[in-house]
Amino acid sequence: MTQPLTMLSPDFPFSYDCYLAGPQGLGTLPAEKHGTEVAVIGAGAAGVVAAYELMKMGLRPVIYEAGSIGGRLKTESFDAAPDVVADLGGMRFPTSGRAFYHYVELLGLQTQEFPNPLSPAAPSTVIELKGESIRAETAADLPEFYTEVAEAWKRALREEAELDAVQRAIRERDASRLKDLWNQLVRKYDDQSFYAFLANSAAFRHLTYEHLETFGQVGFGTGGWDTDFTNSILEVLRVVFTDADDNHRSIVGGAQRLPVELWHHSPAHMAHWPAGTSLASLHGGAPRGAVTGIRRGQSPDLPSGGISVTEKWGRNQVFAAAVVTCQSWLLSSRIDTDEALFTPSMWRAIEKSHYMLSSKTFVMVDRPFWRDTDPETGQPKMSMTLTDRLPRATYLLENPHQEPGGSDRPASILLSYTWNDDALKWLALDASERTRLMLHSLHKIYPGLDIGSHIIGEPLTVSWEADPNFMGAFKNNLPGHYRYQERLFGHFVQDRLPDHQRGIFLAGDDISFTAGWAEGAVTTALNAVWGVMHHLGGATDPHNPGPGDQWEELAPVLLESTAPRGTAE
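A brief report on the enclosed structure follows.

### Points about the side chain of N116
By the element assignment, N116 lies in the loop between strand 6 (111-113) and strand 7 (125-129). A polar contact is formed between the side chain of N116 and the side chain of R92, at a distance of 2.7 Å.

Pasting the structure below:
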């Protein structure tokens, strides 16, 4: 039987899902450390997962959050129908992300297939480029030109990037083989962009520029790829190798349910704390506020003096350790962080993070009218839409509680989902103006359809780059940035660091090698949990080693001009 693909990172092929499933747990601490307070800055997926697992070990996590629990797993409801929700951040989660789904299954959250273009969950798809529309239900329905584009993409991956061999190693969890293959690709492609990879490949060289342009506009799986063209090809290979661009599911009721319900969840087994304890109960129902300062503590009773955390309104506390899960730019732009906590090269890695702009606009509609049949064509009145016009991608989202075949209950449309330059075009416009322009563009594609007549209430919109607590949707490395990512990811292994740089641990999807995916937030949170445990004198069970225990064996490849790991540099 063929094993499924998982998001087993080719950079650090540690099986986090097996680690989470181990009956021995993630590790234990000396009894005298139980109840020790550890700061967790940020209550997104990484922060809540880290705090939850630290609590299970018997520590007392103290969470700080500038906004609401959930971070970029942000869900908003429409006022007139609270059961109709809009996922403004993460909304579709690949089933290959097994560490993330560990918590989905732990909480018993219901999921449903996400209606990506041309997927079985999409009733139909319209691709409209250069004013011409093509309707299809599957990729097989597309004209031969699109087949040529899709086959060129697969051929480029096979011929230039060892797709089949890498995926075989991932399926078989052959860490040694996977590292051998991937390390060669890192050395070969670290300085190459996605666009250069495509343009230089034998698969695309014999085709026309229009083939390459169409691939950028449409792509296959989640939609167009051209907003990634300037990014490192390594970023894209990590996605396609691990099937992260396909087989997506959404969380019924919204993605924010996961961190919020984990906040309230009481583990079945945990050290020190009485049954019924949850993160919410340890915090009296609410996390602490925004952090404005992080410095080296001066407590003689804590390892390395501890970590001092200052809140916006002045409260200060020194902790035995701190897990920082906010976007790393905040450590220099909004949080007064002691420079001595990190080496100059770590600060360089933090500052060189390249964040993607992203914009979404949702509207609620009176019913899923797109299932109505056009009497002239016999086809659905509206479809999932990929276009070169302003909206770029439009998704039709039905209420999962509707009866089969649709009903008259409200539904929602993600009118536009855009990235980078396409997202920047919306930045100065309010929700109503954005909606007006999107409807204008969609009317060109569906001239006989009055979408606006179905809209109820006010639209919901977000531009993540405009939020001062995020300043972007997620990180996506540029060519030549591998060395920066290796430093950030490996920072949780601190045995070789001087004392004054220990005890602060970075986590979050931007610290991972799979930025933009909740799986990366979860796995780096687990790295930080191991780091805190190790820092406080704890250990894992020999039958369930953690990421730090297998670091020397599995660590990401070091490129030249990189100082030894974990040194002051």
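Here the narrative resumes, following the displayed structure.
### Quick notes on the side chain of K475
Secondary-structure assignment places K475 in strand 21 (residues 474-475). D510 is the oppositely charged side chain nearest to the buried, salt-bridge-free K475, at an N-O distance of 5.7 Å. Only 2.7 Å separates the side chain of K475 from the side chain of Q485, close enough to count as a polar contact. Of note is the side chain of K475, whose polar atom sits 2.6 Å from the backbone oxygen of D510. Contacts of K475, omitting those with residues within four sequence positions, involve E235, S353, H354, Y355, Q485, L488, D510 and A515.

### Some points on the packing of aromatic side chains
The relation between two aromatic rings is expressed through the spacing of the ring centres and the mutual angle of the planes. Applying the stated rule across the entire model yields 34 aromatic pairs. Arranged with centres 4.5 Å apart and planes meeting at 75°, the rings of W329 and Y355 form a pair that is edge-to-face. In this pair, W329 sits in the loop between strand 13 (322-324) and helix 13 (330-333) while Y355 sits in strand 15 (residues 355-356), placing the two residues 26 residues apart along the sequence. Judged by its relative accessible area of 24%, W329 falls in the partly exposed class. A connected cluster of aromatic rings, assembled from ring pairs, spans F12, F14, Y16, Y19, Y482, F489, F492, F513, W530 and W551. Sitting above the plane of the Y417 ring, K360 keeps its charged end 4.7 Å from the centroid.

### Considerations on the pattern of salt bridges
Side-chain pairing between opposite charges can occur once the charged atoms of the two side chains come close. Inspection of the entire model under this criterion finds 25 salt bridges. E159 is the salt-bridge partner of R155, the closest N and O atoms lying 2.7 Å from each other. Of this pair, R155 and E159 both sit in helix 4 (residues 144-161), 4 residues apart, which is roughly one turn of that helix. The exposure class of E159 is partly exposed, given its relative accessible area of 45%. Among the ionic contacts, a cluster of salt bridges with common partners joins D226, R392, D422 and K425.

Criteria and cut-off values
Residues numbered from 1 in each chain as written. Predicted model: local features only at pLDDT ≥ 70, side-chain atom pairs only at ≥ 80, totals over all residues. Heavy atoms only, no water. Helix = DSSP H or I, 4+ residues; strand = E, 2+ residues; numbered from the N terminus. Polar contact = N/O pair within 3.5 Å; in protein donor to acceptor, adjacent residues only side chain to side chain. Buried < 20%, exposed > 50% of the residue type's maximum accessible area, 1.4 Å probe, protein only. Lys, Arg positive; Asp, Glu negative; His and termini not counted. Salt bridge = Lys/Arg side-chain N within 4 Å of Asp/Glu carboxyl O. Contact = heavy atoms within 4.5 Å. Phe/Tyr/Trp six-rings, centres within 6.5 Å; stacked < 30°, edge-to-face > 60°. Lys NZ or Arg CZ within 6 Å of the ring centre and 35° of its normal.

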